[in-house]
Amino acid sequence: MGDKSLISVRDLVQKIGQQEILRGFSLDVFEGETLVLLGKSGGGKSVFLRHLIGLMKPVSGEILFEGKDLTRMSERELVPIRRKIGMLFQDGALFDSMNVYDNVAFPLREHGEKREKSIRQRVEEALALVNMSGHEKKMPVNLSGGMRKRVALARAIISPPQVILYDEPTAGLDPIVADSINRLIRTLQTQLSVTSIVVTHDLTSCNRVADRVALLNEGRRHFYGTLEELGETDDVIVRNFVDGRSADDGE
Amino acid sequence: MALLSFFGSGLSGFTIYLGQVSLLAWETFCSIFAGRIRFKLAVFQVAEIGYGSQLVVIVTGAFTGAVFTAQAYFQFAGLNMETAVGPVVTLSMFRELGPVLTGLMVAGRVGAAMSAEIGTMKVTQQIDALRALAVHPVDYLVVPRALGMLISMPLLVVECVGCGVLASYWVAVYVLNIEAVYFVINMQTFTDANDIAMSLIKGFVFANIIVFISCREGLNAKEGAVGVGRATTETVVICSLAILIANFFLTMFLNILFPAGQR
């Protein structure tokens, strides 16, 4: 884990309709680390993640990646940046007209790889890494939620990215599949040395994968620190979240 | 005042819509001229749009030609002008009915499917996944469809007109007993390359209308299955209206370039 900030988010503001989702959110992500962004459901975590790959433009604020401000780039200018950032969508977002093999091979083909032998080899490697070998011919509709997520992860890592964004990687999965996804996140960090940002409200997942944790509350960064600091803090909002207490428990 | 505001908001909505469709068309043609073409996908779209629309276009053309011939015969027979049926039907098929009916049929069959497919991709985050994988949605989704439509549509129009004229000949000669030689000679006398040019130009313009409205509707679909349904319905309605309205202005304009009846 490096001490050089790879992604710097400064005073990010986003509104959807009249509702202010992000209210001056700032964050630094360091090279090689896994940062977990915690927060309530509907609190703007996924919205924040979409900004990091240019899928949404903020009302104000900046996102610096390798010194370049993503918020000022056009769709075409973002293409080279997006080749360095992989994203795992909450439900996988696999292309439903393609089978597993073609989904995973898609980034390679789109980025100019013509040799089918090389494509096949890399697809097999990526699928093996996510324990999905043997499912190449299946269509996304015939896969379970966990399998879809793993295939989507294989697609995200086949052209090894510098950064991987995970949107609720364990949501809706049984504990065993969720654990296999958590292991994968760790494996990818150690094997591919990628920087990871994981958006979740699953504390088990957080404890398994995080180097550093941030808590998004009311559109602002409420907590930022290591797992140990998260465990030791007396802050009421953080404690309520970590201990799973609603604010009106009165304890 | 309320009436003024109603028309004002309608006009601004229409201008915004027109701007969005024009921008999409501009971006698509920029991509085509920049060579960002996926030939395999474009060929697939030609097959999907062109080959897949054969039955509907042939049936529409043939039965329109047939019924128009019968109706024209019933009217002209009283004036002893039966032999005028050939040129009347042929001219109408080339200049108006062929392009318009093909446009309406393709809008219903292909435009709706395009809008539904792209709309479903939009609401299931597949278009976001494309963008996240550094693939521009216009290059991947719109360019192949635009090429497929622009290549297929003029050919479908010609096919529709051809089937209409053949059906007209068959009904006129074998059902209504019009002399074949008069039917053919009059048809040749009153039709020329101008009519074919008009037909092809209209087909090309309608292709643009269908593909860019359909893709715009799909790319702007929101709110899940309901939104996809709404986008599909709007595609068919807006494409049909746009084709009918554009056809009037095209007829007036193209008649200056390719005048009818100047023999």
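Read on for a plain summary of the structure. Please read all numbers here as calculations on a predicted model, not as lab measurements. (Residues numbered from 1 in each chain as written. Chains lettered and ligands numbered in written order. Predicted model: local features only at pLDDT ≥ 70, side-chain atom pairs only at ≥ 80, totals over all residues.)

1. Quick notes on the overall build of chain B
Okay, so step 1: Of regular secondary structure, chain B possesses nine helices and zero strands.
Okay, so step 2: Beginning at the N terminus, the succession of helices and strands in chain B can be written as α-α-α-α-α-α-α-α-α.
Okay, so step 3: Judged by the C-alpha coordinates and their principal axes, chain B covers about 70 × 55 × 35 Å.
Okay, so step 4: Taking all 263 residues of chain B together, 44% fall into the buried category. (Helix = DSSP H or I, 4+ residues; strand = E, 2+ residues; numbered from the N terminus. Buried ≥ 20, exposed ≤ 12 C-beta atoms within 10 Å, placed from the backbone.)

2. Quick notes on the overall build of chain A
Okay, so step 1: The helix and strand inventory of chain A stands at nine helices and 10 strands.
Okay, so step 2: With respect to the three principal axes, the spread of C-alpha positions in chain A is 60 × 40 × 35 Å.
Okay, so step 3: Within chain A, the fraction of its 251 residues that count as buried is 39%.
Okay, so step 4: The contacts in chain A between residues at least 6 apart in sequence include a share of 66% that link residues at least 24 apart. (Contact = placed C-beta atoms within 7 Å.)

3. A short note on helix α4 (residues 116-129) of chain A
Residue and element names in this part refer to chain A.
Okay, so step 1: Taking 1.5 Å per residue as the helical rise, α4 with its 14 residues ought to reach 20 Å, and the 20 Å between its terminal C-alpha atoms agrees with that figure.
Okay, so step 2: Along its buried surface, α4 packs onto α3 (100-110) and α5 (145-157).
Okay, so step 3: Asn131 lies just past α4 and shows a positive phi near 55°. (Expected span 1.5 Å × (residues − 1).)

4. Focus on the pairing of strand β7 (residues 163-167) of chain A
Residue and element names in this part refer to chain A.
Okay, so step 1: Among the five residues of β7, five are classified as buried, and the element is accordingly described as predominantly covered.
Okay, so step 2: Residues Val163, Leu165 and Asp167 point to one face of β7 and Ile164 and Tyr166 to the other, with burial holding for every one of them.
Okay, so step 3: Across four bridges, strand β6 (residues 85-88) lies against β7 in parallel orientation. Looking across to β7, one finds that Ile85 is bridged to Val163.
Okay, so step 4: Pairing of β7 with strand β8 (residues 195-199) involves five bridges; the strand directions are parallel. Along β8, the bridge assignment pairs Ile164 with Ser196.
Okay, so step 5: The handedness of the β7 to β8 crossover, carried by helix α6 (residues 175-192), is right-handed. (Pairing = 2+ DSSP bridges. Right-handed = clockwise from strand over helix to strand, strands pointing away.)

5. Topic: the sheet that holds strand β1 (residues 5-16) of chain A
Residue and element names in this part refer to chain A.
Okay, so step 1: What the four strands build is an open sheet, ordered β2-β1-β4-β5; its pairing is antiparallel. Each edge of the sheet is formed by a strand with only one pairing partner; in this case those strands are β2 (19-30) and β5 (68-69).
Okay, so step 2: When β1 meets strand β4 (residues 60-65), the two strands line up antiparallel, connected through five bridges. Bridge pairing links Ile7 to Phe65 in β4.
Okay, so step 3: Of the strands in this sheet, β1, β2 and β4 are in contact with helix α1 (residues 45-52), which crosses β2 at around 60°. (Axes fitted to C-alpha atoms, helices over the stretch in contact; angles between N-to-C directions.)

6. Re the interface of chain A and chain B
Okay, so step 1: With 14 residues of chain A in contact, the opposing surface of chain B contributes 11 residues.
Okay, so step 2: The element contributing the most residues to the side of chain A that touches chain B is α3 of chain A, with three residues.
Okay, so step 3: Residues that form the side of chain A that touches chain B fall into these classes: nine nonpolar, no polar and five charged. (Nonpolar A, V, L, I, M, F, W, Y, C, P; charged D, E, K, R; others polar.)

7. Comments concerning the sheet that holds β6 of chain A
Residue and element names in this part refer to chain A.
Okay, so step 1: Here we have six strands laid out as an open sheet, ordered β6-β7-β8-β3-β9-β10, and mixed in their pairing. Unpaired on one side and paired on the other, β6 and β10 (220-226) mark the two borders of the sheet. The sheet shows a mean angle of 15° between the axes of neighbouring strands, taken without regard to direction.
Okay, so step 2: Here strand β3 (residues 34-39) pairs with strand β9 (residues 212-217) via five bridges, running parallel. Across the sheet, Val36 pairs through a bridge with Val213, a residue of β9.
Okay, so step 3: Packed on one face of the sheet, α1 meets β3, β7, β8 and β9 and runs near 150° to β8.
Okay, so step 4: The strands touched by α6 within the sheet are β3, β7 and β8, with β8 carrying the most contacts at an inclination of about 160°.

8. Side note on the packing of helix α3 (residues 54-77) of chain B against helix α4 (residues 85-123) of chain B
Residue and element names in this part refer to chain B.
Okay, so step 1: Two numbers describe how α3 lies on α4: the axes approach to 9 Å, and their chain directions differ by 145°. Like other packed secondary-structure pairs, α3 and α4 cross with a definite hand, here right-handed. Residues Val56, Val57, Thr60, Gly61, Thr64, Gly65, Phe68, Thr69, Ala72, Tyr73 and Phe76 of α3 lie in contact with α4, whose contacting residues are Val85, Val88, Val89, Ser92, Met93, Leu97, Gly98, Leu101, Thr102, Met105 and Arg109.
Okay, so step 2: By residue class, the composition of the contact of α3 with α4 is 13 nonpolar, eight polar and one charged. (Left-handed = near helix turned anticlockwise from the far one by under 90°.)

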